[in-house]
Amino acid sequence: VNWRLMLALTTVVLNFLDFPFASLTIFGVVRNQYFYLGETVLSELPEAANFVVATFVIVEMADDGNEGVVYGLLTTAYNLGSPFARA
């Protein structure tokens, strides 16, 4: 599968997965807090595929000998975003 198609497909799937959960929660149709958290479980697989494909593309553009450093920096920055956003 082409990497561009994979990025587009996972982005569209993530948006379609998020839409019903966010809409039903925002407009008060479903008032259960665990309903909104259930979306996270469903979105982890497409989100991980999107991250891996995107970082591999960026690592391929890195200079020779710096691929590991670039991948480590990207992964660290990506993984630090969520805890700092929730703190």
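A few points on the structure. Just so you know, the residues in each chain are numbered from 1, in the order the chain's sequence is written. Residues qualify for local features only when their pLDDT is at least 70, as the model is predicted, and side-chain atom pairs are given and counted only at 80 or more; totals for whole chains, interfaces and linings, by contrast, use all residues. Based on all heavy atoms of the structure, the side-chain values leave hydrogens and waters out of the count.

## Topic: a negative patch on the surface
Patch building starts from residues that exceed 30% relative accessible area and form no salt bridge, then joins like charges within 9 Å and nonpolar side chains (Val, Leu, Ile, Met, Phe, Trp, Tyr) within 5 Å. All accessibility values rest on the Shrake-Rupley procedure with a 1.4 Å probe; residue burial counts only the protein chains present in the view. Throughout this description, the term salt bridge denotes a Lys or Arg side-chain nitrogen within 4 Å of a carboxyl oxygen of Asp or Glu. Within this scheme the basic residues Lys and Arg register as positive and the acidic residues Asp and Glu register as negative, but His and the chain ends are omitted. For this purpose, a charge sits on NZ of Lys, CZ of Arg, CG of Asp or CD of Glu. On the surface, a cluster of negative charge is made up of Glu60, Asp63, Asp64 and Glu67. Within the fold, Asp64 resides in the loop between helix H2 (33–60) and helix H3 (67–86). Each residue is assigned to one of three classes by its accessible area relative to the maximum for its type, calculated with a 1.4 Å probe on protein chains only: buried under 20%, partly exposed between the two thresholds, exposed over 50%. Overall, the relative accessible area of 75% leaves Asp64 in the exposed class. Helix and strand assignments come from DSSP, with helices taken as H or I runs of at least 4 residues and strands as E runs of at least 2, each series counted from the N terminus.

## Examining H2
To estimate how far a helix should extend, the number of its residues minus one is multiplied by 1.5 Å. Taking 1.5 Å of rise per residue, the 28 residues of H2 would be expected to cover 40 Å, and the 41 Å separating its terminal C-alpha atoms lies within 8% of that figure. What we call the bend at a residue is the angle made by axes fitted to the seven residues finishing there and the seven residues starting there. Taken as a whole, H2 carries its principal kink of about 45° at Ser43; the proline Pro46 stands between one and four residues after it. Those residues of H2 that fall on the buried side of the exposure criterion are Glu39, Ser43, Pro46, Asn50, Phe51, Val53, Thr55, Val57 and Val59.

## Structural notes on the environment of Ala62
Among the secondary structure elements, Ala62 is positioned in the loop between H2 and H3. Sequence separation between Ala62 and Val52 is 10 residues; the distance between their C-alpha atoms is 15 Å. Note on contacts: a residue pair qualifies if any of its non-hydrogen atoms lie within 4.5 Å across the two residues. Setting aside chain neighbours within four positions, we find Ala62 in contact with Glu67 and Val70.

Everything listed here is a matter of geometry and, on its own, says nothing about what the molecule does.
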